[in-house]
Amino acid sequence: MDTPLDFLEHAQAELAAMDYDEASAGLPRREFMFRSLVAAAASTFGVRSLGAQSPRAYFDATASVWSTMQPPAQQPAVALGNGEAPALQFMPYPEGTGALMEKMVAKYGVNAFKRSTFTVEPWVGAAPTSADDLAFLPAHRIAALIKARKITSRQITDIYLERMERLNPTLNCVVTLMKDSARAEADTMDKELAAGKYRGPLHGVPYGIKDLFATKNAPTTWGSPDFKDQTHDYDADIVVRLRAAGAVLLAKLATGLYAQNDWWFGGRTNNPWNTNIGSSGSSTGPGSATAGGLVAFSIGTETQGSIVSPAIRNGISALRPTYGRVSRHGGMVLSWSQDRVGPMCRTAEDCAMVFNVLHGVDPKDASTVTTPFTFDRKLKLASLRIGVDPNAPKELVDKLTALGMTPKPIGARPTVAGMGGGGLNAEYAAAFDSFVQKKAKEFNLDLNALPERPATGPGANGPFGNTPPARPKGVNEGDANPMAAADWNPRFVGGRNTKAFDFINNQRRRLMLVQKWGEFMKDLDGFIGAPNADVGPNAQTGHPCAVLPYKFDVPNFGGGGPRAAESTPAPTYMAQPICGVITGNLYNDDIILSVAHQFQKATDFHARRPALG
């Protein structure tokens, strides 16, 4: 045995001849031989120094060495909850966020990352004396009254708390009323103002937040009976920002079950204008509470329509921001690549005032960016390039044209075949994996043997296995369950069957869509289309939109969404504000709100009130 290779060859022969008991050793024979030879090879050049003249003697001498080369016992996978983000990050800007930042710096310099100052125009004249008149004021007018010390934060807070207690049995929009903490926050804001400390436009202004966001002092239910007692020891980033700006949190407002439609474990949330219909969702509570004069403003979320739809249903103003402009930290995740947070208010100016506080980078949410936002009350519509689709609301287009807009006709928006939902079902499934596994054990559902499902038709949307869906308050067992389609099964189960390469290929096609929309929008500041026409594609591209009332009429809501019993006739409706949508180019949130503001300065549809008693 003159060389190390000679030694290894001899060692292999002796190992093969050795008696070996797999059971007692705990390793298959072939694996034992492989690991032993690896250990021998690693130390072959030191054999002679050990005085080992045979492989057996060598293995005796080096037993401690090669035994430590056993791989460690396999560790269980790190547990994941709902919030941990994946390494992949969606970027709405077609050339990527790096190119966006270079463009912003070249255009604005360091000011690209500085928050603009939002100035509340002063209140002129006496303050309203009626509680109803105060309750329905736009948030920026409440802000002006508080700043001028014509009303106190405690006064307007008590007005809203009283309305919540009185009207919530009708609207069912409040999940948790935070009466004590709201009054304490309002008193603090009044004391600070009396001492000369003014935090800014939101100082002392009361609001409500969709019950998807973590708050230390109240449960966060996600609309689900499974989470109705869920608590957190931290506040979501937007709660922290709003508190720092002086806003007073009144209540956690209803979300449809797991952020879908207007049914939650407490029942259906209702439209204040037509209480025989739900307020749509999933930002169902914010839509209803804002329209009903129960808050000065509210915070909603959208994955695919959940700000736009309830804003339209309830006849209010709202902003669905450009993807990545507002932190989602502390909020329930449906889709890391689509979830957005935005203000739901009575006017576009309110939305701008609130958004000016909300937007900007949050290190806890890697999707966030800071880009300029400057609301312009005196915007010249003639300076803008506004596209108009043939299906755009005529009344909205005609009024903006009369105010100076030059309509630019546009055609069909870009599409990319084969995208499906862009991977939304897979994101759902991943975000709720730990919960689904828990529920599957509870109902003996084998998640490793899910049957193939038809893409459409009977059985496509039914639950897997025998898992009774959650039932909302007021719906009895055996009745049609309007909450069933939103429940964890099948909603968060079906996506577990999505193949990884299908998900990746959908994301590749999604980037193609983003790029095509970039080309489509390159000569536009925004456009007006049919109110709901672009919600689906813009969920994939990340574009912003502003919702605003443009006329007062009897709405065409059809059946009004899921009902507790299919035999219940579709409702008939009373007149209410009818809304349109202005879609903006990426990061043109300020422009579309400024356009909406020009319309609202010349009309009063946003100022109408529902008759709630």
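In the block above lies the structure referred to throughout.
Residues numbered from 1 in each chain as written. Predicted model: local features only at pLDDT ≥ 70, side-chain atom pairs only at ≥ 80, totals over all residues. Heavy atoms only, no water.

Draft legend 1. Up close: the environment of Thr 371. When you line up the elements, Thr 371 lands in the loop between helix 15 (348-358) and strand 9 (386-388). Given the relative accessible area of 1%, Thr 371 is considered buried. Excluding anything up to four places from it in sequence, Thr 371 contacts Leu 100, Met 101, Met 104, Ala 112, Arg 325, His 359 and Tyr 587. (Helix = DSSP H or I, 4+ residues; strand = E, 2+ residues; numbered from the N terminus. Buried < 20%, exposed > 50% of the residue type's maximum accessible area, 1.4 Å probe, protein only. Contact = heavy atoms within 4.5 Å.)

Draft legend 2. Representation of the sheet that holds strand 13 (residues 576-584). What the 11 strands build is an open sheet, ordered 1-3-2-6-8-7-12-13-11-9-10; its pairing is mixed. In this open sheet, the two strands that pair with only one neighbour each are strand 1 (174-177) and strand 10 (407-409). Across the sheet, the mean angle separating the axes of adjacent strands is 30 degrees when strand polarity is ignored. Pairing analysis gives 5 bridges linking strand 2 (residues 206-210) to strand 3 (residues 248-253), with the strands arranged parallel. Opposite Pro 206, over in strand 3, you have Val 248 as the bridge partner. The strands that helix 12 (residues 237-244) touches are strand 2, strand 6 (297-302) and strand 8 (340-345); relative to strand 2, the one it contacts most, it runs at about 175 degrees. Packed on one face of the sheet, helix 13 (residues 284-291) meets strand 2, strand 3, strand 6 and strand 8 and runs near 155 degrees to strand 6. (Pairing = 2+ DSSP bridges. Axes fitted to C-alpha atoms, helices over the stretch in contact; angles between N-to-C directions.)

Draft legend 3. Summary view of the packing of aromatic side chains. For the coordinates displayed, the defined rule picks out 22 aromatic pairs. An aromatic cluster of three or more residues is present, and its members are Trp 222, Phe 227, Tyr 258, Tyr 428, Phe 432, Phe 435, Trp 488 and Phe 492. Directly above the ring of Tyr 428 sits Arg 491, whose terminal nitrogen or CZ lies 5.0 Å from the centroid. We note Arg 510 situated over the ring of Phe 90; from NZ or CZ to the ring centre the distance is 3.9 Å. (Phe/Tyr/Trp six-rings, centres within 6.5 Å; stacked < 30°, edge-to-face > 60°. Lys NZ or Arg CZ within 6 Å of the ring centre and 35° of its normal.)

Draft legend 4. Focus on the side chain of Ser 282. Its location among the elements puts Ser 282 in the loop between strand 5 (267-268) and helix 13. A polar contact is formed between the side chain of Ser 282 and the side chain of Lys 210, at a distance of 2.7 Å. (Polar contact = N/O pair within 3.5 Å; in protein donor to acceptor, adjacent residues only side chain to side chain.)

Draft legend 5. Representation of the layout of surface pockets in the model. One number sums up the size of the largest pocket: a volume of about 910 Å³. In this structure, the largest pocket is lined by 29 residues; those nearest its centre are Asn 425, Ala 460, Gly 494, Gly 495 and Thr 498. When contributions to the lining of the largest pocket are tallied by element, the ones reaching two or more residues are helix 17 (424-431), helix 19 (488-491) and helix 20 (500-521). Along the lines of polarity and charge, the residues of the lining of the largest pocket split into 11 nonpolar, 13 polar and 5 charged. Approximately 630 Å³ is the volume attributed to the second largest pocket. Residue assignment for the lining of the second largest pocket shows that the elements contributing at least two residues are strand 6, strand 8 and helix 18 (433-442). Of the residues in the lining of the second largest pocket, the class split is 20 nonpolar, 17 polar and 6 charged. (1 Å grid on protein atoms, 1.4 Å probe; cavity = no way out; pocket = protein on both sides within 12 Å on 5 of 7 lines; lining within 4 Å. Points joined across faces, edges and corners; volume = space filled by probe spheres on them. Nonpolar A, V, L, I, M, F, W, Y, C, P; charged D, E, K, R; others polar.)

Draft legend 6. Looking closely at the nonpolar core. Counting 116 residues, the largest nonpolar core has Leu 242, Tyr 258, Phe 297, Ile 299 and Phe 432 as the members making the most contacts within it. Of the residues forming this core, the biggest block, 8 residues, is contributed by helix 15. Listed in part, the 14 residues of the second largest apolar core include Ile 312, Ile 316, Val 535 and Val 547. (Core = buried A, V, L, I, M, F, W, Y, C linked by side-chain atoms within 4.5 Å.)

Draft legend 7. Region of interest: the pairing of strand 8. Summarising burial for strand 8: 6 of the 6 residues are buried, a large majority. Bridge count between strand 6 and strand 8: 5 bridges; the pairing is antiparallel. By the bridge assignment, Gly 300 is partnered in strand 8 with Gly 342. In this sheet, strand 8 lies alongside strand 7 (residues 317-320) in antiparallel orientation, the contact comprising 2 bridges. Bridge pairing in strand 8 places Ala 318 opposite Met 344.

Draft legend 8. Geometry of empty space enclosed by the protein. Taken as a whole and assessed by the stated rule, the structure comprises 3 cavities of 30 Å³ or more. Of the voids in this model, the largest cavity is the one considered here, and its volume is about 60 Å³. Every element with two or more residues in the lining of the largest cavity is listed here: helix 21 (535-541) and strand 13. Tallied by class, the residues present in the lining of the largest cavity amount to 6 nonpolar, 4 polar and 2 charged.

Draft legend 9. The pattern of salt bridges, seen in detail. Taken as a whole, this structure holds 31 salt bridges when the rule is applied. Note that Arg 183 and Asp 158 form a salt bridge whose closest N and O atoms lie 2.8 Å from each other. Of the two residues, Arg 183 sits in helix 11 (residues 179-194) while Asp 158 sits in helix 10 (residues 153-171), which places them 25 residues apart along the sequence. Overall, the relative accessible area of 26% leaves Arg 183 in the partly exposed class. One salt bridge connects Asp 398 with Lys 394, and the closest N-O pair in it is separated by 2.5 Å. On the criterion of helical spacing, the pair formed by Asp 398 and Lys 394 is a turn pair, its members being 4 residues apart in helix 16 (residues 394-402). (Salt bridge = Lys/Arg side-chain N within 4 Å of Asp/Glu carboxyl O.)

Draft legend 10. Representation of helix 12 within the structure. Among all positions in helix 12, only Asp 237, Ile 238, Val 239, Arg 241 and Leu 242 are buried. Each element contacted by the buried residues of helix 12 is listed here: strand 2, strand 6, strand 8 and helix 15. Within two residues after helix 12, Gly 246 carries a phi angle of roughly 100 degrees, on the positive side.

Draft legend 11. Summary view of the packing of helix 15 against helix 22 (residues 589-601). Where helix 15 meets helix 22, the axes come as close as 8 Å, and the angle between the chain directions of the two elements is 150 degrees. It follows from the interaxial angle that helix 15 and helix 22 lie roughly antiparallel. On helix 22, the residues that touch Ala 348, Glu 349, Cys 351, Ala 352 and Phe 355 of helix 15 are Asp 589, Leu 593, Ala 596, His 597 and Gln 600. (Parallel < 35°, antiparallel > 145°, perpendicular 65-115°, else oblique.)

So, to be careful, I would describe these as geometric facts and stop short of saying anything about function.
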